[in-house]
Every structure is written in C-alpha cells, then in structure tokens.
Amino acid sequence: MNLTLALTAASGSIFAREMLRALEADARVSRVHFLPSENSLRVLAEELEIAGRNNLAEKLLGCAPTKTIQLSEQDIGASIASGSYPSSGMIVLPCSMGTLASIANGMAETLIARAADVTLKERRPLILCVRETPFNRIHLRNMQLASDAGAVIFPVIPAFYNKPVDSTEMARQFVCRVLAHIGLPQSNAYVWKQDE
C-alpha cells in the first residue's frame, strides 16, 4: 500500500506518532507520505516536546525512516495532489475542525485539503479522525458533508475494554482499529471476545 498520513493541529499528537510508527513498520506498506500542517507543529511541541519541521518524521519514529517521505503543506505540486498518482488512501489523524471544514467544502488550498479532495474524487479510502468536543452544528454538518462525499468519519475515541496501561497503549489500539478499517489489520490489535 501507498498511503498518505496527514497530521493537523488538533490535540492528539500521540495518535499520529503511533500511526506513523505502525505504517513504517508494516511490510504491506511501501510508501508513506507524511504531511504535517504548519499549525500541528505547535501541538507537537506542547504535547510531545518535539520541536521544528526538520526531520520531524525521524523525531517521531525515533530512527531514520525507510519509507516515509515528509512533505510540506504548501507543496500543492506534490505527487499526492494528482489523481493519476497511485495511492491506496489517506488518513488524517488527528483531524482538526478547520481541516474537516476545508475537506467537506472542497476548499483545496493546502496540500492536505487537495490530497483529501483527490482521494475522494478517485473513490479511494479517506479516514478523518476528528478530534474535538463538544461538536457544534457546523462541525456536525461538515462531518455529514464529508461522509456524503465518501469519507469515513472516525472520531478519536479510544477504547477501555482492553484495559490500556497508559496513553501510548491507548493510542496504539486506536491506530490498530483505524488500520484494520483501511485493510491493514495489525497482529497486536486487541480483539474483543465476549466469553473471556
């Protein structure tokens, strides 16, 4: 698979970090286009104490990436901005309400919104992991618009039935659910079994 992972300025950087690590480690994934928004850099600095855009993928992974390419939000000429580029889908994690609004209303002014727009028009999987609470009517309307266009709205709502020991484990299990949804089930995913 050839996937795009976008990181926007909503809280939840730990989820993006665990997603990037899972994609980089998965042998079924050949290429990851990593696309952090400008505003996500501040959230990363506050939540994970990771500063700066340079070598951001390496900082999140803890090692040099082998298949992850980091792109700039302003690079609207990047390959993922074209429908002719072979992509298996796109995940936005976390997805801010501003990014959701851009995608839902076809405002493709950044590479994130353009890549999402291309993903929708080519009928490829687009998973928007929205992160906000409470939702106002505008948020709900934009989620409906994006869903009607073909996106999957996958709110960042972690599970607790697997008894996670910390926030990292909580993020990992959420990532497992998202990846299973896009066709990449993970061997370390917790699977609910009622009789246990």
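Heads up: the structure comes first, above all this text.
All values reported here derive from a predicted model rather than from experimental measurement. (Residues numbered from 1 in each chain as written. Predicted model: local features only at pLDDT ≥ 70, side-chain atom pairs only at ≥ 80, totals over all residues. Heavy atoms only, no water.)

Student: Honestly, unusual backbone geometry in this entry has me stumped. Any pointers?
Tutor: Most peptide bonds adopt trans geometry, and most residues besides glycine take a negative phi value. Here the bond from Leu93 into Pro94 is cis, since omega is -10 degrees, no more than 30 degrees from zero. Counting through the fold element by element, Pro94 comes out in strand S4 (residues 89-95). With a phi close to 55 degrees, Glu49 is a non-glycine residue in the positive phi region. Overall, the relative accessible area of 73% leaves Glu49 in the exposed class. (Helix = DSSP H or I, 4+ residues; strand = E, 2+ residues; numbered from the N terminus. Buried < 20%, exposed > 50% of the residue type's maximum accessible area, 1.4 Å probe, protein only.)

Student: What is the right way to look at the packing of aromatic side chains in this model?
Tutor: Two aromatic rings, taken as a pair, are described by how far apart their centres are and by the angle between their planes. The full count for this structure, using the stated rule, is three aromatic pairs. Aromatic side chains Phe154 and Phe174 sit 5.6 Å apart centroid to centroid with 85 degrees between the ring planes, which places their arrangement in the edge-to-face category. Residue Phe154 is found in the loop between strand S6 (152-153) and helix H7 (167-181), and its partner Phe174 is found in helix H7; the two are separated by 20 residues along the sequence. Here the aromatic rings of Tyr161 and Tyr190 are separated by 5.7 Å at their centres, their planes lie at 45 degrees, and the arrangement is tilted. Here Tyr161, found in the loop between S6 and H7, pairs with Tyr190, found in the segment after H7; they are 29 residues apart in sequence, far enough to count as distant. Taking relative accessible area as the criterion, Tyr190 reaches 35% and is therefore assigned partly exposed. One aromatic cluster is present, formed by Phe15, Phe154 and Phe174 through successive ring pairs. (Phe/Tyr/Trp six-rings, centres within 6.5 Å; stacked < 30°, edge-to-face > 60°.)

Student: Quick question: what am I supposed to make of the sheet that holds strand S1 (residues 2-7) here?
Tutor: Hydrogen bonds along the backbone pair up the strands of a sheet, which may run parallel or antiparallel. Taken in spatial order, the six strands make up an open sheet running S3-S2-S1-S4-S5-S6, and their pairing is parallel. Each end of this open sheet is capped by a strand with a single partner; those strands are strand S3 (68-70) and S6. By the bridge criterion, two bridges tie strand S5 (residues 126-130) to S6 in an arrangement that is parallel. Residue pairing across strands places Ile127 opposite Val152, the latter belonging to S6. Along the sheet, helix H5 (residues 111-121) makes contact with S1, strand S2 (31-36), S4 and S5, crossing S4 at roughly 135 degrees. (Pairing = 2+ DSSP bridges. Contact = heavy atoms within 4.5 Å. Axes fitted to C-alpha atoms, helices over the stretch in contact; angles between N-to-C directions.)

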